[in-house]
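# Observations on the three-dimensional arrangement
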Amino acid sequence: MLILAPMQGLTELMFRKVYHTCFPGALDLAISPFLSLTHGNLADAWKKIDDVLPEANQDSIPVIPQILGKEPVEFVELANRLHEIGYTEVNWNIGCPMRRVTAKHRGSGILPYPDEVRSILDYIMPRLRPALSVKMRLGLHSPDEIFNLIPILNDYPLLNITIHPRTGKQQYSGQVDLDTFEQTLPLLKHQVIYNGDLCTVADYRRLRQRFPKIQHYMIGRGILYDPLLPLKIKNNHPADLKATLLFVTALADAINQLPIREESRMRKTKEYWCLVRRSLPITEQQATAVLRAQTPSETNAKLRAILASI
């Protein structure tokens, strides 16, 4: 199974719908960008519910809502509301590396505090209606922090655990720590999903060879660099410049329909373009022309000009 990783500002509903339309079946599942319980404010989390409303996600990649927070009462209330609208699983984010999050013992900021993790799970597990899965890192400061958490996680009927083998302090820099990740596998009782630096078919093959028992993989930035990556992994799909450009153009069209300011739409379109351009065999002049566009219509015209040239 190939799963789309949750990336704030990048893999929301709009992206998932466009991707599913362009490449149906390429991804089996998605984890939504987190619904935040910051300061225990359930109302703020519910404001983002549009991203995971079942009726809005019908023509999209099947999605599991993710919750970020350490407030057990509000966590249960939000998770059970999600269950009421049809979700049988929610995912707890204890892996987010953003400093403003970790400073408050949220995301990977809670990993050095196993007693807090146990206290939260003790409260929420008997009260949750949906099943619970977890997405985490090896630790906040040290990869060894996970070894204090494993006995705690093993005590609860979690659906699965996704591990990104970095620390929170690393953010997305440095190498993934596959040695420590490998040490966790025989210790964990739950199904483990791998996430981190899966950007090419060669990456996938190396991981599959080293970890043959891992059946499910989560793809994050790799799909933004190369939207065809899941198809290449599953079906040996060849590189296809036209298909990639059609996807980027469809994404730009969808962004232009968002109810946000034009400058924000331009910024979002160019953010995706900066990520995907690295996989495209186009000239620097063509790539730069898109970035220099001043309006959404000009951006789309530049994208379509590249399409017409292939």
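This section reports on the structure supplied with the text. (Residues numbered from 1 in each chain as written. Predicted model: local features only at pLDDT ≥ 70, side-chain atom pairs only at ≥ 80, totals over all residues. Heavy atoms only, no water.)

Before going further, it helps to examine the sheet that holds strand E10 (residues 217–219). Reading across the sheet, the 10 strands line up as E3-E5-E6-E7-E8-E9-E10-E1-E2-E4 and stay open at both edges, with parallel pairing between neighbours. At either end of the open sheet lies a strand with only one pairing partner, and these are strand E3 (35–36) and strand E4 (63–64). Relative to strand E8 (residues 161–167), strand E7 (residues 131–139) runs parallel, the two being bridged by five bridges. Residue pairing for E8: valine 134 is matched across the bridge by isoleucine 161. (Pairing = 2+ DSSP bridges. Helix = DSSP H or I, 4+ residues; strand = E, 2+ residues; numbered from the N terminus.)

Let's shift gears to the layout of surface pockets. When its volume is computed, the largest pocket comes out at roughly 580 Å³. Lining of the largest pocket is provided by 29 residues; of these, Pro6, Met7, Pro97, Arg137 and Tyr172 occupy positions nearest its centre. Elements with a contribution of two residues or more to the lining of the largest pocket: E7 and helix H9 (221–225). Counted by class, the lining of the largest pocket contains 16 nonpolar, nine polar and four charged residues. The calculated volume of the second largest pocket comes to roughly 300 Å³. (1 Å grid on protein atoms, 1.4 Å probe; cavity = no way out; pocket = protein on both sides within 12 Å on 5 of 7 lines; lining within 4 Å. Points joined across faces, edges and corners; volume = space filled by probe spheres on them. Nonpolar A, V, L, I, M, F, W, Y, C, P; charged D, E, K, R; others polar.)

Before going further, it helps to examine the packing of helix H11 (residues 241–255) against helix H12 (residues 262–276). The description of two packed helices rests on the angle between their axes and on the distance between the axes. Between H11 and H12, whose axes approach to 9 Å, the crossing angle comes to 165°. The pairing of H11 with H12 is recorded here as roughly antiparallel in orientation. Crossing geometry of H11 relative to H12 is assigned as right-handed. Here Thr244, Leu245, Val248, Leu251, Ala252 and Ile255 of H11 come into contact with H12, specifically with Arg265, Lys268, Thr269, Tyr272, Trp273 and Val276. When its residues are assigned to classes, the contact of H11 with H12 shows eight nonpolar, two polar and two charged. (Axes fitted to C-alpha atoms, helices over the stretch in contact; angles between N-to-C directions. Parallel < 35°, antiparallel > 145°, perpendicular 65-115°, else oblique. Left-handed = near helix turned anticlockwise from the far one by under 90°. Contact = heavy atoms within 4.5 Å.)

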